[in-house]
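A structural walkthrough
Residues per chain are reported as follows:
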Amino acid sequence: MPSTHTEFSFRTAHDCGSARVGWFTTPHGEVETPAFMPVATHGVVRGLSMEEVRAAGGQMLLANAYHLYLRPGDMMIRALGGLHAFTRWNGPMLTDSGGFQVFSLAKLRTVTEEGVTFRSHLDGSMHEYTPEHVMRIERNIGADVIMQLDELIAGQAEFADSCAAMERSLRWLDRCRVEFDRIGREGRAPTADHLGADDLAPPPQTLFPIVQGGIHAELRRASARGILERGDWAGVAIGGLSVGEAKPDLHAMLEVCDAELPRRVPRYLMGVGFPDDLIEGVRRGIDLFDCVAPTRMGRDGTVFTPDGKVQVRKSSHRTDRRPLVEGCDCACCAQYDRAYLRHLFASDEMLGLRLVALHNVAFLNGIMRDARRALVAGEFATWSADWLARYRG
Ligand SMILES: [Zn+2]
């Protein structure tokens, strides 16, 4: 088997249907799954310190290669010791290729078989994103798990368009794999301006492929099979979901992937992470999730609770002495009441957004912790049904 992921392993126990508890070992430690990965797009979970993220139950962070490539630059991060040293997060990390950002943020993008040419959303400069270039970027940034470049299309795309993008994503996976392995053998390119200690040997990393195929079961199957035919992987991601399709379609695609993908590797569902999505995903065999929702919504005052979402700015909270969630062990709920948090939002104080973001991150991590406990106790089926009934009630 390829030497690309000897430092990565995964073991599972306590299966309940497709759900299971797992331990994903990486060079920077072990992740207990199912797990939610807080999103640190620019190398920071917006508004929170790494200590706060850790205390809120964060195990593994996700950063974005597109954003970090544009600023401060992948070579700069490498010169500063790599993503872990740069951000002071010493746990496991993953970089998304940024394909989604190239397709959604960049201006004037042109997609060809070779790759994507685009204008930076920051300064209008022109850039080329090919599978090979993306591998060089992610090898420089140095996260433990790096994602392939894939072609993204709208969630409800027609069969022919979904098929073409899925097949191109497989061809791009081949090119990613070749370049990933080449850098592993030959080392990284020297930094042009010798910014610092020039470490040519890449850190131990593993490349995750991404199952595509829109909402078409046949294409999802073909994508999963194509990926598995191409070799052995330390994990497999499922992409292109939660981009506008209906929930039953999302669930159906997860069931198709669940049946196709081997159970001996972690499955990572990209960009999906509302509370009920997490539980529906775990039920269908997903081990890793990420989503910007807890911090993005937190900054807007939207709070995740076991009874659904609550808006902290509501005037009914003016004299409410309760925490956001009774019994929540996060640093926000341990200390502050809704009346004060509402006041912080009304006064535009930054502490308000920080505290609600912190609660939301802790809340999602808490759901995953409780799911693991329920699985270990053999109570996952009833626990998850009760949880969803309360949340949706
Ligand atoms: Zn809380």
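Described below are features of the structure shown in this document. (Residues numbered from 1 in each chain as written. Predicted model: local features only at pLDDT ≥ 70, side-chain atom pairs only at ≥ 80, totals over all residues. Heavy atoms only, no water.)

**Some points on the packing of helix H13 (residues 350-376) against helix H14 (residues 380-392)**
Any two packed helices are characterised by the angle at which their axes cross and by the distance between the axes. It is the contact of H13 with H14, at a shortest axis distance of 8 Å, that shows an interaxial angle of 150 degrees. The residues of H14 that touch H13, namely those facing Phe363, Ile367, Asp370, Ala371, Ala374 and Leu375, are Phe380, Trp383 and Trp387. When its residues are assigned to classes, the contact of H13 with H14 shows 8 nonpolar, no polar and 1 charged. (Axes fitted to C-alpha atoms, helices over the stretch in contact; angles between N-to-C directions. Helix = DSSP H or I, 4+ residues; strand = E, 2+ residues; numbered from the N terminus. Contact = heavy atoms within 4.5 Å. Nonpolar A, V, L, I, M, F, W, Y, C, P; charged D, E, K, R; others polar.)

**Quick notes on the packing of aromatic side chains**
Evaluated as defined, the whole model comprises 12 aromatic pairs. Between Trp387 and Tyr391, the aromatic rings sit 5.2 Å apart at their centres with planes inclined by 25 degrees, giving stacked as the arrangement. With Trp387 and Tyr391 both in helix H14 and 4 residues apart, the pair spans about one turn of that helix. Assessed through its relative accessible area of 13%, Trp387 is described here as buried. For Tyr391, a relative accessible area of 8% translates into the label buried. Through a chain of ring-to-ring contacts, three or more aromatic side chains come together here, namely Phe8, Phe10, Phe24 and Phe208. Here the guanidinium or amino end of Arg139 rests over the ring plane of Phe180, the centre of that ring lying 3.9 Å away. (Phe/Tyr/Trp six-rings, centres within 6.5 Å; stacked < 30°, edge-to-face > 60°. Buried < 20%, exposed > 50% of the residue type's maximum accessible area, 1.4 Å probe, protein only. Lys NZ or Arg CZ within 6 Å of the ring centre and 35° of its normal.)

**Considering the nonpolar core**
Residues Tyr129 and Ile238 are the most contacted members of the largest nonpolar core, which totals 97 residues. Ranked by residues supplied to this core, first place goes to H13 with 12 residues. Membership of the second largest hydrophobic core comes to 19 residues, among which are Phe10, Ala35, Leu94 and Met147. (Core = buried A, V, L, I, M, F, W, Y, C linked by side-chain atoms within 4.5 Å.)

**Topic: a nonpolar patch on the surface**
The grouping of Met76, Leu80 and Phe86 at the surface amounts to a nonpolar patch, some 240 Å² of accessible area in total. Here Leu80 lies in the loop between helix H3 (74-79) and helix H4 (83-87). (Patch = residues over 30% accessible without salt bridge, like charges linked within 9 Å, V, L, I, M, F, W, Y side chains within 5 Å. Areas by Shrake-Rupley, 256 points an atom, 1.4 Å probe, with all protein chains shown as cover. Salt bridge = Lys/Arg side-chain N within 4 Å of Asp/Glu carboxyl O.)

**Re the layout of surface pockets**
Of the voids in this model, the largest pocket is the one considered here, and its volume is about 860 Å³. Lining the largest pocket are 38 residues, with Phe100, Gln101, Asp290, Val292 and Arg296 positioned closest to its centre. Counting residues per element, the ones that place at least two in the lining of the largest pocket are strand E5 (61-64), helix H5 (99-104) and helix H11 (293-299). No other element matches the 5 residues that H11 contributes to the lining of the largest pocket. Partitioned by chemical class, the residues of the lining of the largest pocket number 17 nonpolar, 15 polar and 6 charged. In this structure, the second largest pocket encloses a volume near 350 Å³. Looking at the second largest pocket, it is lined by 19 residues, and the ones nearest its centre are Asp329, Ala362, Gly366, Arg369 and Asp370. With 8 residues, the single largest contributor to the lining of the second largest pocket is H13. Considered class by class, the residues forming the lining of the second largest pocket number 10 nonpolar, 4 polar and 5 charged. (1 Å grid on protein atoms, 1.4 Å probe; cavity = no way out; pocket = protein on both sides within 12 Å on 5 of 7 lines; lining within 4 Å. Points joined across faces, edges and corners; volume = space filled by probe spheres on them.)

**A word on the coordination of the zinc ion**
Note on the zinc ion: its protein donors are Cys328 (SG), Cys330 (SG), Cys333 (SG) and His359 (ND1). The metal-donor distances range over 2.1 to 2.3 Å. Metal-centred angles of 101 to 116 degrees between the 4 donor atoms at the zinc ion mark the site as tetrahedral. (Donors = N, O, S within 2.8 Å, 3.2 Å for Na, K, Ca; no water. Tetrahedral: all angles 85-135°; square planar, octahedral: opposite > 155°, others 65-115°.)

**Let's talk about the side chain of Thr26**
Residue position: Thr26 is located in strand E2 (residues 19-26). A distance of 2.8 Å separates the side chain of Thr26 from the backbone oxygen of Gly29, its partner in a polar contact. Each residue touching Thr26, except ones within four places of it in the same chain, is listed here: Glu7, Phe8, Pro92 and Asp144. (Polar contact = N/O pair within 3.5 Å; in protein donor to acceptor, adjacent residues only side chain to side chain.)

**Side note on the sheet that holds strand E11 (residues 206-208)**
Read across the open sheet, the 4 strands follow the order E5-E6-E10-E11; overall the sheet is parallel. In this open sheet, the two edge strands, each paired with only one partner strand, are E5 and E11. Between one strand axis and the next, the sheet turns through 25 degrees on average, direction left out of account. Against the sheet, helix H7 (residues 159-186) engages strand E10 (145-147) and E11, with an angle of about 175 degrees to E11. (Pairing = 2+ DSSP bridges.)

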